There are 2 protein chains.
Amino acid sequence: MLIAYCLLLIANCLLSIAYSYIYSMRHILPIILFVPFLAHTQVPSDSTALYIKNIYRNSYTEQKAYKWLTTLTKDIGHRVSGSPQAARAVEWAKQVMDTCGFDKVWLQEVKVPHWVRGDNEQVIMISTESGAVSLNALALGNSPGTGNSGVRAQVIEVKSLEQLKSMPDDDVKGKIVFFNRPMDSGLMNTFAAYGGAGDQRGNGPVVAAEKGAVAAVVRSLCPRLDDFPHTGATHLSETVKNIPSVAVSTNDAEQLSKSISLGPTTVFIRTTCEMLDSVLSYNVIGEIKGSVSPDTIILVGGHLDSWDIGEGAHDDGAGVVQSMEALYRLVQNGYKPRHTIRCVLFMNEENGLRGGKKYAEEAIKNNQFHLVAIETDAGGATPQAFGCTMGADSLVDQHITYMKTYMKALEPYYVRIESGGGGADISALKPKTGLLIGLRPDSSRYFDYHHSANDVLENVHPHELESGAAAITSFIYLVDQNGIGK
Amino acid sequence: MLIAYCLLLIANCLLSIAYSYIYSMRHILPIILFVPFLAHTQVPSDSTALYIKNIYRNSYTEQKAYKWLTTLTKDIGHRVSGSPQAARAVEWAKQVMDTCGFDKVWLQEVKVPHWVRGDNEQVIMISTESGAVSLNALALGNSPGTGNSGVRAQVIEVKSLEQLKSMPDDDVKGKIVFFNRPMDSGLMNTFAAYGGAGDQRGNGPVVAAEKGAVAAVVRSLCPRLDDFPHTGATHLSETVKNIPSVAVSTNDAEQLSKSISLGPTTVFIRTTCEMLDSVLSYNVIGEIKGSVSPDTIILVGGHLDSWDIGEGAHDDGAGVVQSMEALYRLVQNGYKPRHTIRCVLFMNEENGLRGGKKYAEEAIKNNQFHLVAIETDAGGATPQAFGCTMGADSLVDQHITYMKTYMKALEPYYVRIESGGGGADISALKPKTGLLIGLRPDSSRYFDYHHSANDVLENVHPHELESGAAAITSFIYLVDQNGIGK
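Residues numbered from 1 in each chain as written. Chains lettered and ligands numbered in written order. Predicted model: local features only at pLDDT ≥ 70, side-chain atom pairs only at ≥ 80, totals over all residues. Heavy atoms only, no water.

*Asks:* Any chance you could break down the overall build of chain A for me, citing the residues and the numbers?
*Replies:* A count of helical and extended segments in chain A gives 15 helices and 16 strands. Against the 2.2 N^0.38 benchmark of 23 Å for 486 residues, chain A shows a C-alpha radius of gyration of 25 Å, consistent with a compact globule. Along the first, second and third principal axes, the C-alpha atoms of chain A reach 80 × 65 × 40 Å. Within chain A, buried positions represent 59% of all 486 residues. For chain A, restricting intrachain contacts to residue pairs at least 6 apart in sequence, the fraction spanning at least 24 positions comes to 83%. Looking at chain A as shown, the accessible area adds up to about 18,100 Å², and 52% of this sits on carbon and sulfur atoms. Distance between charge centroids for chain A: 4 Å, based on 42 positive and 51 negative side chains. (Helix = DSSP H or I, 4+ residues; strand = E, 2+ residues; numbered from the N terminus. Rg over C-alpha atoms; globule rule 2.2 N^0.38 Å. Buried < 20%, exposed > 50% of the residue type's maximum accessible area, 1.4 Å probe, protein only. Contact = heavy atoms within 4.5 Å. Areas by Shrake-Rupley, 256 points an atom, 1.4 Å probe, with all protein chains shown as cover. Lys, Arg positive; Asp, Glu negative; His and termini not counted. Charge placed at Lys NZ, Arg CZ, Asp CG, Glu CD.)

Quick look at the structure:
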């Protein structure tokens, strides 16, 4: 015991001497020497601290991201892939970037699916006990419609895909399947809760179709009890005929479940949604050319499309305007980046991921290496971390250890770096990227709004949104200056 | 350079050996040996991590704090000191605590000031340019009223107390002084912005009175431009006659400023607020007796009074119910604390601090030592840190270094320990407390609501509120188990 204690004392002594010396020589030291020894001690220089302080100050006072979000949500509104609003959003984003002083702004062609909701949706619950009750519902994205005449059948409730799969086909055939497992309300991270319930919306309708059901009803992926239905993509089967599927609000899921527990309940569904022909759309890209390593890219992006209700304010208007502000702010600062910094507004994240795939395909074809790809698609709340997952090499932990040395500079803003994260649009870029990184905001309120009529500007707070924009700008600056280690 | 690098290598080698040995012996080591060397390496045990995970899970799923807050805000409402609602809040809190299985619940007598707003307040701006325009205004707490006939005078605008002090008395005499320095919108921490503008409300009216002004108008301490006036305490002078003072909304402050810039502007103020005789009220206290050191107390508290508008939901209903839930949750877990854990709901934080002073006076008289005193009075948003300031000894940095060893357990919840913080109600306890600690939630939205009709339950999010309750409960558990170092 005493030996260990003495070793500690000696080691600390040596560390202190070595650190003092190295710190005094820091400007002429190759940065690699600091890794991983200084991870817990390095303090950002005064000039770095001041640079970042000003990024935050200017973001808060100018509120560029919030002003852009106001236009995107209030003048353009929701913008599902293939819609006229999505086309307007492309045009708007390019026009704005054209005025920002970037070195280059361009559109990248992407063919996107064009799903339309159709007119007046109806979901009616009918039972002896309750009579006929209209439920708050929305067709799921990609779902086929019932057509004008609708579909009516007895409804059976299940809590999981496994439960449904284990049922005899005859018990399901001709019925409507109701998936009613709530999101786990006991988790701090509501994305984890979303992940734990999401298979019902994503794959439930296909499994129900395989068992012979005529339609599917899914409890909205919302952690609260309220009256807002939440839509979102459902996968389509290539082997069985896809069935109409809808989401009902959490309050109405409770109501439907109660009715089923009291006696046989039928549901009538009328939806006229349909998948039209694909449409030519675009990713919108802007960049500032690097002065030292112009062929190495630091990418930041969000997605320009949204669902076809609400205003797509958190999902992902927030990510769009934060990404734009990051480049704007660096240009405003007169910053000359070492690497090329690129803002990519992806099209069609919600129901196809065509924009992300197209961007990656081109980047791989043209051998464009991305030092990091940062995605902001988790809402406009106060950021807590940048979450990292493996890119082209398998050194994610080493990269994080190294980056922690300079991420001290974001400690005053309660933002850290950690493992886990990334994002859907950047995932295909993995072979040409050092690290895939996702901004992680506080998730407490996100799924109250997500994919619902509630995802509007009024539920985005300017200070929180700008905290995210400033964190991203600062992070890009730090990565550009310091790299990610090797 | 090479020497330093070699020293680093040797030191790290020695550290690794020493740490491995110490870690394997950790159960028989006196904890003091770990300080400060392991601050960056110790990992919470699986059982600690699980214990905390369950605290969070149970807080989120049961939402006890949020349910209590619903009663406090919707059934009782706002509760300024001395009011019937404040009396009802005392009664309610005691009744609730009586059902929670605490070892002891009692009331501590406190004489509190009883300020009343009176009827229909009027603030009217009059100028040639604008005619007569009614402004959104609230009398400041403690302020004398104008009486029914009101006061009307020309208004002069100042940006600071210093500016006012430097003006010739004749320029101020008989006028109404308008303090119009906005909160600094460039800071992440809105409490710092509040602190930077707060002297106008706190001391502005007295300075204006000293210069011969007949009334004071203060720009609301709100970072946004909106129509809600925000009240709050103003200090009273014991040497000059205090003058009526009101806060106007930020939008109306802009309007008034514009009018003044265009030409002579008068303001008419009518308020009938007044200070009545002091009233007997109470701090409400509950405790769980310690099993090892019952004479050493871990205190957690918030304040039961609020301003007389809105519902006092964030300020400080949130702190009240979080403090109650912390003890409730530990009792529910069957936890037998080492130290006595005490929840104190202070009366009269807003305009007198009589409850905090009375509690400290008794504690000092009875020689009751508090290991830590934790105050939660910064709103119900997602917590980011526990901020510590010096208590009875001067070892705050050493305490923090030590506590960081076990605060690793709160890393998954994005809560850390740092210096700075504390709270108004616990400040007088300093001579009998190891560390004064304040919960620091995300401050982005707090001052949108603070002291206004906007501080209502609807602006508190249950998940965020419960994150705070769970963080406090977990922190108390960790401090009780591990102490604060010596």
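*Asks:* Which residues make up helix α3 (residues 64-76) of chain B, and what values do they have?
*Replies:* Residues and elements named next belong to chain B. Over its 13 residues, α3 runs 17 Å from end to end, which matches the ideal 18 Å to within 8%, given 1.5 Å per residue. Turning to α3, its buried residues are A65, Y66, W68, L69, L72, T73 and I76. Down the axis of α3, the buried side of the element spans an arc of 160°, and every buried residue falls inside it. Contacts from the buried residues of α3 go to α4 (84-98), α11 (313-332) and α15 (462-482). Following α3 by one or two positions, G77 has its phi on the positive side, about 85°. (Expected span 1.5 Å × (residues − 1). Arc of directions from axis to C-beta.)

*Asks:* Account for the pairing of strand β7 (residues 215-219) of chain B, naming residues and giving values.
*Replies:* Residues and elements named next belong to chain B. Where burial is concerned, most of β7 is hidden: five out of the five residues are buried. Every second residue of β7 is oriented toward a common face, with A215, V217 and R219 on one face and A216 and V218 on the other, all of them buried. Of the strand pairs in this sheet, strand β6 (residues 176-179) and β7 are connected by four bridges, and their pairing is parallel. Among the inter-strand pairings, F179 is bridged to a residue of β7, identified as V218. Pairing of β7 with strand β8 (residues 245-248), which is carried by four bridges, proceeds in the parallel orientation. Each bridged residue has a counterpart across the sheet, and for R219 the counterpart in β8 is V248. (Pairing = 2+ DSSP bridges.)

*Asks:* Could you give an account of the side chain of R117(B), naming the residues involved and the relevant values?
*Replies:* Residues and elements named next belong to chain B. Structurally, R117 can be placed in the loop between β1 (104-116) and β2 (122-127). A distance of 3.1 Å separates a polar atom in the side chain of R117 from the backbone oxygen of A139. There is a polar contact of 2.7 Å between the side chain of R117 and the side chain of D308. (Polar contact = N/O pair within 3.5 Å; in protein donor to acceptor, adjacent residues only side chain to side chain.)

*Asks:* A description of unusual backbone geometry should follow, citing residues and the corresponding values.
*Replies:* All names here are of chain A. Following D315, the chain continues into D316 via a peptide bond in cis, with omega recorded as 0°. Residue placement: D316 occurs in helix α11 (residues 313-332). Even without a glycine there, the phi angle at Q63 is positive, about 50°. On the secondary structure map, Q63 appears in the loop between α2 (46-62) and α3 (64-76).

*Asks:* For the pairing of strand β16 (residues 433-441) of chain A, give the residues involved together with the corresponding values.
*Replies:* Residues and elements named next belong to chain A. Counting buried positions over the nine residues of β16 gives eight, a clear majority of the element. In this structure, strand β14 (residues 383-390) lies alongside β16, joined through seven bridges in antiparallel fashion. If you follow P383 over to β16, its bridge partner there is P441.

*Asks:* Lay out the sheet that holds strand β1 (residues 104-116) of chain A in plain terms, naming residues and giving numbers.
*Replies:* Residue and element names in this part refer to chain A. Spatially, β1-β10-β12-β11-β13-β16-β14-β15 is the arrangement adopted by the eight strands of the open sheet, whose pairing is mixed. Unpaired on one side and paired on the other, β1 and β15 (416-419) mark the two borders of the sheet. Taking the axes of each pair of neighbouring strands and ignoring which way they run, one obtains an average angle of 25° across the sheet. One ladder, built from twelve bridges, connects β1 with strand β10 (residues 274-288); its direction is antiparallel. Paired with V112 across the bridge in β10 is V279. In this fold helix α4 (residues 84-98) packs onto β1, β10 and β12 (339-346), with an angle of close to 5° to the strand it touches most, β10. This element, helix α13 (residues 396-407), spans β14, β15 and β16 of the sheet and lies at about 170° to β15. (Axes fitted to C-alpha atoms, helices over the stretch in contact; angles between N-to-C directions.)

*Asks:* Now, about the sheet that holds β7(B): what can you tell me, with residues and values included?
*Replies:* All names here are of chain B. On the basis of which strands lie adjacent, the open sheet formed by eight strands has the order β3-β2-β9-β5-β6-β7-β8-β4 and mixed pairing. Looking at the sheet topology across the chains shown, the edges are occupied by β3 (131-134) and β4 (137-139). Averaged over all pairs of adjacent strands, the angle between strand axes in this sheet comes to 30°, irrespective of strand direction. Where strand β5 (residues 151-158) meets strand β9 (residues 265-270), four bridges bridge the pair, whose relative direction is antiparallel. When the bridges of β9 are listed, A153 appears paired with V267.

*Asks:* Which residues make up the domain arrangement of chain A, and what are the values?
*Replies:* All names here are of chain A. If you check the domain split of chain A, you get domain 1 (46-113 + 277-482) and domain 2 (118-272). Summarising the inter-unit geometry, the C-alpha centres of domain 1 and domain 2 are found 33 Å apart. With 16 residues of domain 1 in contact, the opposing surface of domain 2 contributes 20 residues. Where domain 1 abuts domain 2, roughly 1,400 Å² becomes buried across the two surfaces, and 63% of that area is made up of carbon and sulfur atoms. For the pair domain 1 and domain 2, the number of links is one salt bridge. One salt bridge connects R224 with D448, and the closest N-O pair in it is separated by 3.4 Å. Class assignment of the residues belonging to the side of domain 1 that touches domain 2 gives a composition of seven nonpolar, seven polar and two charged. (Domains from an automatic or database assignment. Buried area = accessible area lost by both parts, 1.4 Å probe. Salt bridge = Lys/Arg side-chain N within 4 Å of Asp/Glu carboxyl O. Nonpolar A, V, L, I, M, F, W, Y, C, P; charged D, E, K, R; others polar.)

*Asks:* Got a sec to walk through the packing of aromatic side chains? Specific residues and values, please.
*Replies:* Residues and elements named next belong to chain A. This model, assessed by the stated rule, comprises 28 aromatic pairs over all chains. Plain terms: the ring middles of Y194 and F447 are 4.4 Å apart, the flat faces sit at 25° to each other, and that makes the pair stacked. Separated by 253 residues along the polypeptide, Y194 in helix α7 (residues 190-197) and F447 in helix α14 (residues 446-449) bring together distant segments of the chain. A centroid spacing of 4.0 Å and a plane angle of 10° characterise the contact between F386 and F475, whose relative ring orientation is stacked. Taken as a pair, F386 in strand β14 and F475 in helix α15 (residues 462-482) lie far apart in primary sequence, 89 residues in all. Each member of the pair, F386 as well as F475, carries the same accessibility label: buried. (Phe/Tyr/Trp six-rings, centres within 6.5 Å; stacked < 30°, edge-to-face > 60°.)

*Asks:* Before we move on, can you summarise the confidence of the model for chain A with the specific residues and values?
*Replies:* Close reading of the predicted structure is inappropriate where its pLDDT is low. All names here are of chain A. Per-residue pLDDT for chain A has a mean of 92; in total, 91% of the residues score no lower than 70. Mean pLDDT values over the elements of chain A span from 40, in helix α1 (residues 2-24), up to 99, in strand β6 (residues 176-179). Confidence drops under pLDDT 50 across residues 1-41; counting only partners more than four residues distant or on other chains, this segment forms 73 contacts. Overall fold confidence (pTM) sits at 0.91, and the ipTM for the predicted complex is 0.90. (pLDDT = per-residue confidence, 0-100.)

*Asks:* Requested: an account of the environment of P182(B), with residues and values cited.
*Replies:* Residues and elements named next belong to chain B. With respect to the helices and strands, P182 occurs in the loop between β6 and α7 (190-197). Once the C-alpha coordinates of P182 and Y402 are considered, the two residues, 220 residues apart in sequence, prove to be 40 Å apart. Residues contacting P182, with those up to four places away along its chain left out, are A197 and R219.

*Asks:* Which residues make up α13(A), and what values do they have?
*Replies:* Residue and element names in this part refer to chain A. The end-to-end C-alpha separation of α13 is 15 Å, in line with the 16 Å expected for twelve residues at 1.5 Å each. Every buried residue of α13 is listed here: V396, H399, I400, Y402, M403, T405, Y406 and M407. Those residues of α13 hidden inside the fold are in contact with β14, β15, β16 and α15.

*Asks:* Tell me about the packing of α13(A) against α15(A), and please be specific about residues and values.
*Replies:* Residues and elements named next belong to chain A. Closest axis-to-axis distance for the α13/α15 pair is 10 Å, and the angle between their directions is 115°. Considering their axes alone, α13 and α15 lie roughly perpendicular with respect to each other. The crossing of α13 and α15 is right-handed. The residues of α15 that touch α13, namely those facing Y402, M403, Y406 and M407, are F475, L478, V479 and N482. Across the contact of α13 with α15, the residue classes break down as seven nonpolar, one polar and no charged. (Parallel < 35°, antiparallel > 145°, perpendicular 65-115°, else oblique. Left-handed = near helix turned anticlockwise from the far one by under 90°.)

*Asks:* Quick one: what's the story with the packing of α11(A) against α15(A), residue by residue and with numbers?
*Replies:* Residues and elements named next belong to chain A. Relative to each other, α11 and α15 sit at 50°, their axes nearing to 9 Å. Between α11 and α15, the crossing angle belongs to the class labelled oblique. The interaxial crossing formed by α11 with α15 has right-handed handedness. Contacts from A318, V321, Q322, E325, A326, R329 and L330 of α11 reach α15 at L465, E466, G468, A469, I472, T473, I476 and Y477. Tallied by class, the residues present in the contact of α11 with α15 amount to nine nonpolar, three polar and three charged.

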